[in-house]
Amino acid sequence: MERTLVLVKPDGVQRGLIGEVIGRLENRGLRLVAAKFIQVSQELAETHYAIHKGKPFYNGLIEYITSAPVMAMAWEGPNAVAAIRQTMGATRPTEAAPGSIRHDFALEVGRNLTHASDSVENGEIEVALWFSPAELVDWKRDSDRWIFEKG
Ligand code: DAT
Ligand code: MG
């Protein structure tokens, strides 16, 4: 079972799209593990986006993610990383597949609404960065056996 970090970034929160993102992930069959609505600190933003340090868009990215509250969540499921990246759509909204969130609700790469971990390894790392072990809820849904082929 893979785990991934999902953020509804400040533009998604301001535009009232938290419910839309959660609804799409629930509909897909993914299982919510943790959620919190927070103002991101400079330190967390810099750690989360450390890989982009030095790139021309880095300063703008840090400013954007710390500009207003975000909805941070951990979701799990079989192939959760690939499934959630697909539901979010490509980084550039104009390259995102029709039906994806970034296609359906965004226009610009610097206002692309959501974050989702890009690999299984980064899913583990990012969930651990954003959530303490006590915040991660270990639970089963009654519907799991109708969505997950193996428990
Ligand atoms: P993703 O969010 O799809 O994982 P990424 O990790 O490559 O994309 O980049 C992180 C964020 O940085 C992305 O969601 C938006 C911003 N970004 C990436 N490339 C950019 C660019 N060329 N210009 C402006 N912002 C960019
Ligand atoms: Mg990324």
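The structure we're discussing is the one just above.
Attention in this report is confined to the structure presented alongside it. (Residues numbered from 1 in each chain as written. Chains lettered and ligands numbered in written order. Predicted model: local features only at pLDDT ≥ 70, side-chain atom pairs only at ≥ 80, totals over all residues. Heavy atoms only, no water.)

### Some details on the sheet that holds strand β4 (residues 114-116)
Hydrogen bonds between backbone groups are what pair the strands of a sheet, and the pairing can be parallel or antiparallel.
Item 1. Spatially, the 4 strands line up as an open sheet ordered β2-β3-β1-β4, and their pairing is antiparallel. Looking at which strands have only one partner, the edges of the open sheet turn out to be β2 (31-38) and β4. This sheet shows a mean twist of 15° between the axes of neighbouring strands, independent of strand direction.
Item 2. Note that strand β1 (residues 2-8) and strand β3 (residues 70-77) share 7 bridges and pair antiparallel. Across the sheet, residue V8 finds its bridge partner in β3, namely M71.
Item 3. Sheet contacts for helix α2 (residues 18-28): β1, β2, β3 and β4; angle to β3, the most-contacted strand, approximately 0°.
Item 4. With respect to the sheet, helix α7 (residues 120-130) is in contact with β1, β2, β3 and β4, its orientation differing from that of β1 by roughly 60°. (Pairing = 2+ DSSP bridges. Helix = DSSP H or I, 4+ residues; strand = E, 2+ residues; numbered from the N terminus. Axes fitted to C-alpha atoms, helices over the stretch in contact; angles between N-to-C directions. Contact = heavy atoms within 4.5 Å.)

### A closer look at helix α4 (residues 58-65)
Item 1. Those residues of α4 not exposed but buried are Y58, L61, I62, Y64 and I65. Burial along α4 is one-sided: seen end-on, the buried residues are contained in an arc of 160°. Among the exposed residues of α4, those pointing more than 90 degrees away from its buried face are N59 and E63.
Item 2. Check the buried side of α4 and you find it contacts β1, α1 (10-14), α3 (42-48) and β3. (Buried < 20%, exposed > 50% of the residue type's maximum accessible area, 1.4 Å probe, protein only. Arc of directions from axis to C-beta.)

### What to know about α7
Item 1. Turning to α7, its buried residues number three or more, namely G123, E126, V127 and W130. Angularly, the buried residues of α7 cover 100° about the axis, an arc narrow enough to put them on a single face. Exposed positions of α7 whose direction lies more than 90 degrees from the buried face are E121 and A128.
Item 2. Contacts from the buried residues of α7 go to β1, β2, α3, β3 and β4.

### Re the site of ligand 1
Item 1. Near ligand 1, the surroundings consist of K9, Y49, H52, F57, L61, R85, T91, R92, R102, V109 and N112.
Item 2. In the model, an oxygen atom of ligand 1 is placed 2.5 Å from a nitrogen or oxygen of the T91 side chain.
Item 3. In this structure, N112 approaches ligand 1 through a side-chain N or O atom, which is 2.8 Å from an oxygen atom.
Item 4. Summarising the interface, the protein chains cover 77% of the accessible area of ligand 1, which totals 510 Å² for the free molecule. (Near = heavy atom within 4 Å. Polar contact = N/O pair within 3.5 Å; in protein donor to acceptor, adjacent residues only side chain to side chain. Areas by Shrake-Rupley, 256 points an atom, 1.4 Å probe, with all protein chains shown as cover.)

### With respect to the pairing of β1
Every regular strand shows the same layout, with side chains that alternate between the two sheet faces.
Item 1. Most of β1 is tucked away: 6 of the 7 residues are buried.
Item 2. Sheet analysis places β1 next to β4, joined by 3 bridges and oriented antiparallel. Across the sheet, residue L7 finds its bridge partner in β4, namely H115.

### Describing the side chain of T87
Item 1. Mapped onto the elements, T87 comes out in helix α5 (residues 80-88).
Item 2. Residue T87 is classed as buried on the basis of its relative accessible area of 10%.
Item 3. Here R28 takes part through its side chain, which lies 3.0 Å from a polar atom of the side chain of T87.
Item 4. If sequence neighbours within four positions are ignored, T87 has contacts with R24, L25, R28, S100 and I101.

### Remarks on the environment of A90
Item 1. For A90, the location among the structural elements is in the loop between α5 and α6 (101-105).
Item 2. Residues A90 and E149, 59 residues apart in the sequence, show an inter-C-alpha distance of 27 Å.
Item 3. Residue contacts for A90: discarding those within four places in its chain leaves E95, A96 and R102.

### Some thoughts on the packing of α2 against α5
Item 1. With their axes 11 Å apart at the nearest point, α2 and α5 run at an angle of 135° to one another. Taken together, the axes of α2 and α5 are oblique relative to one another. Read as a crossing pair, α2 and α5 show a hand that is right-handed. Contact residues: α2 offers V21, R24, L25 and R28, while α5 offers A83, I84, Q86, T87 and M88.
Item 2. Each residue belonging to the contact of α2 with α5 can be placed in one class, and the counts come to 5 nonpolar, 2 polar and 2 charged. (Parallel < 35°, antiparallel > 145°, perpendicular 65-115°, else oblique. Left-handed = near helix turned anticlockwise from the far one by under 90°. Nonpolar A, V, L, I, M, F, W, Y, C, P; charged D, E, K, R; others polar.)

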